[in-house]
Amino acid sequence: MLRILDAKTGDTVPAAPARRALTRVEVHASGFDLTALRVLLTTDLLMRALEIGGTPVLPLLTADRHQAELHAAATTLGIRPFEDGRDLASGLGEAQVVHVAAAGMTVPGAGVTLAVAPASGPDAGVLGGLADPAALRLALLDAPRGTAVHLGAGALDAAGRRLGRLRQAVARWARSPSRPVPEKARGRLRDAWEDDLDVPAVLGVLRWMEDQPEIPDGARFETCAYADRLLALDLTRDLGGAA
């Protein structure tokens, strides 16, 4: 079961206490910067983790301004589309509510609040000039959600190179006969993302897997494809292009 830290109470609680019941996930953004993008990305991870567990999600975006820019950035970063929270404020029939917001932001209403530490670095408009926006997604995923992130010079290039190497490895592994995801790897992945969305630990499992000689290449491929249901880094993009 996915458990998250509620910023309102300081307690770790189930993200979906009524499993398979509609969960309203509302993201609150107060501007258009890297912190806002990190909040959107965290919301996307939460929605993906809930849906993998069989819980339907209603995603809403509440923002006083920059709605168009935020919706466009979400699309570019591979984030699931949001409904406008101002138009669907109540009476939705949801069984539970989870809010996602920048740390320190006051969120009105009932429900659990997931806080996201700030991110700084290039202007959010950098998205428009990236050859592969997934590099920014990886750079923001690579630190614990509660830790502030600064993307210094070269951070996006480094993330892009790392992502490229992983995609090439996935493409090589795909050439081998498919094998099931090893239960040990599957368990480690689920334990990581169900522990307060510990995505750095998810990425760590993929690194660990590469060093396990007993895992056949076909199983490595399936493990990465499985993890990418959460990460959404398009890890299978280079299939057919590896030497």
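The structure presented is a predicted model; accordingly, all values stated were derived computationally and were not measured.

A.B. asks: Please explain the pattern of salt bridges as it appears in this structure.
C.D. replies: Side-chain pairing between opposite charges can occur once the charged atoms of the two side chains come close. A complete count under the given rule lists 12 salt bridges for this structure. The closest approach of N and O atoms between D132 and R167, which form a salt bridge, is 2.5 Å. Taken together, the positions of D132 in the loop between β8 (119-120) and α3 (134-141) and R167 in helix α4 (residues 155-173) put the pair 35 residues apart, joining distant regions of the chain. Among the residues examined, R167 registers a relative accessible area of 2% and is labelled buried. Linking D132 and R237 is a salt bridge whose minimum nitrogen-to-oxygen distance equals 3.6 Å. Residue D132 is located in the loop between β8 and α3, and its partner R237 is located in the segment after α7 (217-231); the two are separated by 105 residues in the primary sequence. Here D132 falls in the partly exposed class, since its relative accessible area comes to 21%. The class for R237 is partly exposed, based on a relative accessible area of 45%. Several salt bridges share partner residues, and in doing so they unite D132, R167, R237 and D238 into one network.

A.B. asks: In this structure, what is going on with unusual backbone geometry? I would like to understand it.
C.D. replies: Note: most residues except glycine have negative phi, and most peptide bonds are trans. Phi is positive for H66, which is not a glycine, with a value near 60°. You can see H66 is positioned in the loop between β4 (57-63) and α2 (67-76). Judged by its relative accessible area of 27%, H66 is partly exposed.

A.B. asks: Just checking my understanding: could you explain the packing of aromatic side chains for this structure?
C.D. replies: Two numbers describe a pair of aromatic rings. These are the distance of the centres and the angle of the planes. Taken as a whole, this structure holds 1 aromatic pair when the rule is applied. Relative to Y226, the ring of W193 has its centre 5.6 Å away and its plane inclined at 40°; by these criteria the two rings are tilted. Note that W193 is positioned in helix α5 (residues 183-193) and Y226 in helix α7, a separation of 33 residues in sequence. Just above the ring of W208 sits the side chain of R188; from NZ or CZ to the centre is 4.2 Å.

A.B. asks: Just to check I follow, could you spell out the nonpolar core for this structure?
C.D. replies: One broad trend across soluble globular proteins is that nonpolar side chains are buried collectively. Grouped together as the largest cluster of nonpolar side chains are 78 residues, with contacts concentrated most on L37, L40, L46, L136 and L231. Counting residues per element, this core draws most heavily on helix α1 (residues 34-52), which supplies 12 residues. Beyond its immediate sequence surroundings of up to four residues, L136 is in contact with L34, L37, L77, L127, L130, L151 and L156.

A.B. asks: I would appreciate a short explanation of the sheet that holds β4 in the present structure.
C.D. replies: Strand pairing within a sheet occurs via backbone hydrogen bonds; the two strands may be parallel or antiparallel. With parallel pairing, the 5 strands of this open sheet are ordered in space as β5-β4-β3-β6-β7. Looking at the sheet topology across the chains shown, the edges are occupied by β5 (83-84) and β7 (112-116). In this fold α1 packs onto β3 (23-29), β4, β6 (96-102) and β7, with an angle of close to 170° to the strand it touches most, β3.

A.B. asks: So what exactly am I meant to see when it comes to the confidence of the model for the protein chain here?
C.D. replies: A low pLDDT score tells you not to read the predicted coordinates there in detail. On average, residues of the protein chain score 92 in pLDDT, and 95% of them are at 70 or above. The element-level mean pLDDT for the protein chain is lowest in β5, coming to 84, with α7 highest at 97.

A.B. asks: Would you explain the packing of α3 against α4 in this entry?
C.D. replies: Angle between the axes and distance between the axes are the two parameters that describe a pair of packed helices. It is at 8 Å that the axes of α3 and α4 come closest, and there the two elements cross at 100°. Taken together, the axes of α3 and α4 are roughly perpendicular relative to one another. In this structure, α3 uses A134, A135, L136, L138 and A139 to contact α4, whose residues at the interface are L156, A159, G160, R162, L163 and R167. Taken together, the residues of the contact of α3 with α4 sort by class into 8 nonpolar, 1 polar and 2 charged.

Cut-offs used in this document
- Residues numbered from 1 in each chain as written.
- Predicted model: local features only at pLDDT ≥ 70, side-chain atom pairs only at ≥ 80, totals over all residues.
- Heavy atoms only, no water.
- Salt bridge = Lys/Arg side-chain N within 4 Å of Asp/Glu carboxyl O.
- Helix = DSSP H or I, 4+ residues; strand = E, 2+ residues; numbered from the N terminus.
- Buried < 20%, exposed > 50% of the residue type's maximum accessible area, 1.4 Å probe, protein only.
- Phe/Tyr/Trp six-rings, centres within 6.5 Å; stacked < 30°, edge-to-face > 60°.
- Lys NZ or Arg CZ within 6 Å of the ring centre and 35° of its normal.
- Core = buried A, V, L, I, M, F, W, Y, C linked by side-chain atoms within 4.5 Å.
- Contact = heavy atoms within 4.5 Å.
- Pairing = 2+ DSSP bridges.
- Axes fitted to C-alpha atoms, helices over the stretch in contact; angles between N-to-C directions.
- pLDDT = per-residue confidence, 0-100.
- Parallel < 35°, antiparallel > 145°, perpendicular 65-115°, else oblique.
- Nonpolar A, V, L, I, M, F, W, Y, C, P; charged D, E, K, R; others polar.

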